[in-house]
Each structure stands twice: as C-alpha cells, then as structure tokens.
Number of protein chains: 2
Amino acid sequence: MNAKHPPLIDGLQFCNWSRAVFEQMHAAGMTAVHVTVAYHGGFRPTVDRIVDWQWRLREHADLIAPGESAADLAAAEASGRTAIVFGLQNPLPIEDDLGLVGVLYRLGIRFMQLTYNMQSLLGCGWMEPVDSGVTAMGRGVIREMNRLGMVVDLSHSGERTTLEAIAASRRPVTVSHANAATWKATLRNKSDTVLRALAESGGFLGLSCYPVHLADGPATTLESFCAMAARTAEIVGAANLGIGSDLCQDQPDSVLQWMRAGRWTRPAPAAPVPAFQPQPVWFRSNLDFPGLAAGLRAAGFSEAETAGILGGNWRRFMAASFAPEGSA
Amino acid sequence: MNAKHPPLIDGLQFCNWSRAVFEQMHAAGMTAVHVTVAYHGGFRPTVDRIVDWQWRLREHADLIAPGESAADLAAAEASGRTAIVFGLQNPLPIEDDLGLVGVLYRLGIRFMQLTYNMQSLLGCGWMEPVDSGVTAMGRGVIREMNRLGMVVDLSHSGERTTLEAIAASRRPVTVSHANAATWKATLRNKSDTVLRALAESGGFLGLSCYPVHLADGPATTLESFCAMAARTAEIVGAANLGIGSDLCQDQPDSVLQWMRAGRWTRPAPAAPVPAFQPQPVWFRSNLDFPGLAAGLRAAGFSEAETAGILGGNWRRFMAASFAPEGSA
C-alpha cells in the first residue's frame, strides 16, 4: 500500500465484517469507509452494535481506526489505516427522543438516514405508497443533526421526503448510495429533480455498485456505470460526486431477508428467501476500488476529477460535515 | 464571585437540580461538582438521565459547563462557571456488558461505584450481610475503568469489597463521600484499615456532610467535623482529602425512600416513609461551601492544606484520573 496515493473513500458498505475484509481494505489502500451500524431496531440494540465496533477497532487497530472527524481521517491516513465512519440507515435508534441524537453523535455516529425503506418517525421511505414528506419530529431532528455535525442521509427516502429534507437542512445533505433513475429506473435511485436540488444545496451523491441499482444488474459493465457517472456529474458537478458502493460482501442471503423485512413484517414461511445477486465483476471487494479509476478516466473525467470521486470529494465533505455547526 | 480564589470542588451532590441550585453554585464560586446521574436502574434509564443533563448543560450554559477532563475543569474555571462531573452510584448501567463501560465513558461518566448499598454484579455493598468481595466481572470492569479513565468509587461498598478493589485497581480509587467510622460508627463510614489502604494506594477521600454520616447527626458542629478531618488527615494525608458533601438539597422525602428501596424491594404500604434529616446549619447549600475554610483553619490545617481540601486536591486527582491510562 502506497500512503502517498490520493485518498480512497467508500461512502457506504455493510460487509460481514472480519479481519479478512479489513485486510482487503488495507491492501486496497482505503482511506475511509462509511459502515452501516444499524438497519433496523431501536436505541438499545444499536448500542450493542456500536460496542461490537469498539471491540473491532481495538482488536484490529493495526488495520482500522476511528473516523469521527477531519483529524481522525488525517490520522488514519497518516498511519496507513482505514478510518471507519459509523452510520445508521434507520433513525429508530433515536426512538422518539431528540436527546438521543446527541447521545449517538457522542458514540460516534456521523451519518443517519431519515428513513430506511418504509415510514419512519421522521419521514417516508421509497417503498411506501404515500410519501407525506418530512414530519414535525423530522424537522427538529434535522436541526439537531445540523447543529451537532451528523450528516442527513436520504438514500432510501421517498422523493417528497428527500426534496423537503434538502430544503429543511441548513447544512449540505447526502444521498450516500444511489444512482441516477434515468439510468436504472427504480424509486430507490434518484430523479434528475432530486439530483438538481441536491446539487443546488451543496449536497453530495455517492454512486452505488449494488446490482439492484445498476442498469443491467450484475452484468452491468464498468463502462456503462462510468458513463452514468459522467452524465450525473453534469447535473451534480464532479466535485460533489463519490462512491457509496453499498458493498455487502460475505453476507448470507438471510441478511438480505432481514434487511428487507426486519421485524416489522413476517414473510410467509413458504415464501422463497430472497438471494443477493452477484456483484459485477469489476466490484467484488475493496480490492477492486482503486480499479474504478481507469473506468472514470475512460469516461472522460480528468485525473483530478477521478481522484476527487474516488476519495478527495468525500474527504472534503466529511471533514466539513462532522464538525459542530459554526466551529469550522 | 472572584475567579481568582482557589478552586472549590464538591466530590458528590445529588440535589433536586434547578436553575436556583446552579445559581447558588455560581454565587459560591464552585469550580466543579460531581453529580450523581444514577442510583438505581440499568443502561437505558441512565441514558435518559444523561440526556436530561445534556439539556441542562445547554439551557444553563451561563452557569454550568461539562467537566470531563482537566481541560474542561480549567475552561469552566476560566469562564467562571461550575464544571459538572457525571458519576454513577450503582454499576448496573453497564448491565452485564463490559463494552458499556466505554459507552458510558464516552457519554461523560467519570465516576462509578462498584456497588450501591447492596450486592451488585461487581461486588458487595455495605448493607449486605455477607461481603464476598470483588467478583470476577468486577475485576475486569476495574481494569477497563483504569484503562479509560473512569474513577472507581467505593463509598457504599462493604469493607472486603473496598479493600479488594483498592488492591485490584492499577490507578488510585476514591471513597468520594464518607467519613471516619471511628467518629461516627456506621458501616457506611470507613474503618482506619480502609483509610490506611486507601492512603497507601494513593487514593482519595471525600468527607461527607450528610447527617447520617455525622457523629451527632444534624446537631454535629463544624468544629467536630473539622476535628475529624484533622484526625483523618493524619491517616490519609491532607493532600488526599477533599469534600464529598452528599448534599441532597431540595429533594422530597420520596426520593430518600427510592434511594434506599429502589425497585429491588417493595416497602410495606403501611411502613412509614423515611424522611431526610435536616442538614447541619453550617452546610445547607453550595452557598455554605466556602465557609468550611474557617472551620478547617481552626482545626489546625494550614491555608494551603485548607485550599487543597476545598478543591485543589480534587482538581489534581480528577485531572490525573479522567485521562486514559498512559496518556498523562
């Protein structure tokens, strides 16, 4: 690993964490990875997951390090380790208590989605039939996240909720892992309307390498993905673009069932268990991350733009976003 | 308030917190107060109490400030505010999870008793008929508290647990609020054996002004209290002595019932509700704290020793104790 290369940052992963995965991060020279700490569940189980991560950070301290601030990111990079940034894909860990936003910030959480797929106390997920937008509590939570330096993540939110949250937030928000809906039509990807509003607010888009978000699923080529990136950069600007791969490496299919159904519904016993699709051949693990550069260059991005998309942009956004409001 | 006076620090209070109490702290010129965040209950209700304190710190930021580090104590003193130091009188907030020690440290907890009055998962309280000493989990928790910089507080522990914890801890421990048992014979006060072991380990004793711990209850004179302080200083050294007043100002008697019975037992409905005894006339609120100096001087303490007992000693102990092991 060459500590002198430009930063490499992935804006979302949920691997089946192991020393082997951390060794791949290290071998790839990853500067930072935003990891999902919780998909479902409330405060108490989320604390258990944070404790799991605190033990991992101690037990693999030769490979990974905390990633809670600009200083943490710089320290991890200087020591050749991967900074781990904590995030939540669901806001129930704050339950109905505004004060828990600050508690979770202190415990290291730096990204929180206003919604996962369904209705939350804060807004609507993309799978709900009716999106009623950001709730009253949601508006207060966005203000508190802004104050503390916890990034509002709208990847899984419905269009109305996403647009209202962009407007409500005093600080730039992110769609940490999604693609352009014009390339792959799914409500999980983002319309040009959303992408324009995101760009106008100084927000940030992480492009996803998860098969369901790709135009041709697992068969999608790197060329097609990077051409989408180039068209998307025309809307959001290359400097507001990064990768949020949504890599779910080494997860059993049972985890996919849990991601989708959580405990909020109970699939019929006879229903087939959904299966993870294979990753495209050009993105199967962190080892493939540096190789995205060639595809971006071939799609017309300059060397500087490519370096920004692979890490420099996320580093700038994270460093500015993780500090308390008014401190920078 | 004269910001130039020597520091004034109370090593334990559990008042019915209000702006009026904080104004008295400010008027008295208190540098820091260790406040009890939890007596009974597990992790989840303790987090609610921490959230209550985070709101208080924001809403009364003109009077009080966080007290989590030497830097915090210095900053509060420089701005003429009282640093609030968080502590737990019961270790159940970590439940049976070693990782929750680190979680609570990150949420600001800097003191934790190994036991309140009864058996805990870590050791024995002074009210138990049999004290079996520090448990296996207790030894691991002491190591973790040492590593992080959370002070082991043995005020309510039984004699065997207290002696074993002093021996097990790699860093100095405290009895934050108790008196010499030779002055007021109660198992809640500390024997000379404990006081000697505490002193030999570099530990710290905070003297209590709570009527039940005083030789003559509410009628105890300042002279008698300070004479006890002088005799105790001969054992522990004046530099290892401070005040841990155990002030419970403005609390209703129902709180005393709850302190004693928690939810672990259920007093008979016909049983009389215990009542707080009146405070001695020389210590009814923070406003009386500076006046302790005259009593200590009259008991033979030098001006420097008196300043140490009223705050300088606690400040030195807290500043050294709150930093992670090996960082100072």
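Heads up: the structure comes first, above all this text.
Note that this is a predicted model, so its numbers are computed, not measured.

1. A few points about the overall build of chain A
Next up, step 1: If you tally the helices and strands in chain A, you get 11 helices and 9 strands.
Next up, step 2: Its C-alpha atoms give chain A a radius of gyration of 18 Å, near enough to 20 Å, the size a compact globule of 328 residues would have.
Next up, step 3: Overall, chain A is about 45 × 45 × 40 Å in size when its C-alpha atoms are taken along their principal axes.
Next up, step 4: The buried share of chain A, reckoned over its 328 residues, is 50%.
Next up, step 5: Within chain A, counting contacts between residues at least 6 apart in sequence, those at least 24 apart form 69% of the total.

2. So, the packing of helix α2 (residues 43–59) of chain A against helix α4 (residues 99–106) of chain B
Next up, step 1: In contact at an axis separation of 9 Å, α2(A) and α4(B) are set at 100° when each is read in the N-to-C sense. When the axis of α2(A) is compared with that of α4(B), the two are roughly perpendicular. Mapping the contact onto sequence places A:V47, A:I50, A:V51, A:Q54 and A:W55 in α2(A) and B:G99, B:L100, B:G102 and B:V103 in α4(B).
Next up, step 2: When its residues are assigned to classes, the contact of α2(A) with α4(B) shows 6 nonpolar, 3 polar and no charged.

3. Let's talk about helix α11 (residues 303–321) of chain A
Next up, step 1: Taking 1.5 Å of rise per residue, 19 residues should cover 27 Å, and α11(A) covers 25 Å from first to last C-alpha, within 8% of that figure.
Next up, step 2: Of all the bends in α11(A), the greatest measures close to 65° and is centred on A:I309.

4. Thoughts on the relation of the copies chain A and chain B
Next up, step 1: The two copies are related by a screw operation: chain A maps onto chain B through 180° of rotation and 0.0 Å of translation along the axis, at an RMSD of 0.0 Å. Seen this way, the second copy is the image of the first under a two-fold rotation axis. Among all residues of chain A, the one whose C-alpha sits closest to the rotation axis is A:R106, at a distance of 3.3 Å.
Next up, step 2: Mapped onto chain B, 100% of the interface residues of chain A are again interface residues, and the two copies thus contact each other with one and the same surface.

5. Digging into the packing of helix α7 (residues 192–200) of chain A against helix α8 (residues 222–236) of chain A
Residues and elements named next belong to chain A.
Next up, step 1: Interaxial distance between α7 and α8 falls to 8 Å at its minimum, and their mutual angle equals 50°. Compared by their axis directions, α7 and α8 come out oblique. Within the contact between the two elements, α7 uses D192, L195, R196, L198 and A199 and α8 uses T232, I235 and V236.
Next up, step 2: Class assignment for the residues of the contact of α7 with α8 results in 5 nonpolar, 1 polar and 2 charged.

Cut-offs applied
- For every chain, the first residue of the written sequence is number 1, and numbering continues from 1 onward in sequence order.
- Throughout, the order in which chains and ligands are written sets their labels, letters from A for the former and numbers from 1 for the latter.
- Only residues with pLDDT of at least 70 get local features here, since the model is predicted, and only at 80 or more are side-chain atom pairs given and counted; chain-wide, interface and lining totals rely on the full set of residues.
- Helix and strand definitions here come from DSSP, where helices need a minimum of 4 consecutive H or I residues and strands a minimum of 2 consecutive E residues; each element is numbered from the N-terminal end.
- The atom set for the radius of gyration is the C-alpha atoms, and the globule formula is 2.2 Å times the number of residues raised to the power 0.38.
- Remark: C-beta atoms are placed from the backbone, and a residue is labelled buried if 20 or more other C-beta atoms sit within 10 Å of its own, exposed if 12 or fewer do, or partly exposed between those counts.
- A pair of residues counts as a contact when their C-beta atoms, built from backbone coordinates, are within 7 Å of each other.
- Every angle, taken between N-to-C directions, lies between 0 and 180 degrees, and every axis is a line fitted to C-alpha atoms, over only the stretch in contact when it is a helix.
- Any angle between 65 and 115 degrees counts as roughly perpendicular, while under 35 counts as roughly parallel, over 145 as roughly antiparallel, and the rest as oblique.
- Three classes are used, and their members are as follows: Ala, Val, Leu, Ile, Met, Phe, Trp, Tyr, Cys and Pro are nonpolar, Asp, Glu, Lys and Arg are charged, and the others, Gly among them, are polar.
- Multiplying one less than the number of residues by 1.5 Å gives the expected span of a helix.
- Each residue is assigned a bend, namely the angle between axes fitted to the seven residues that terminate at it and the seven residues that start at it.
- All copies are superposed by least squares; the fitting set is the C-alpha atoms of residues with a pLDDT of at least 70 in both.

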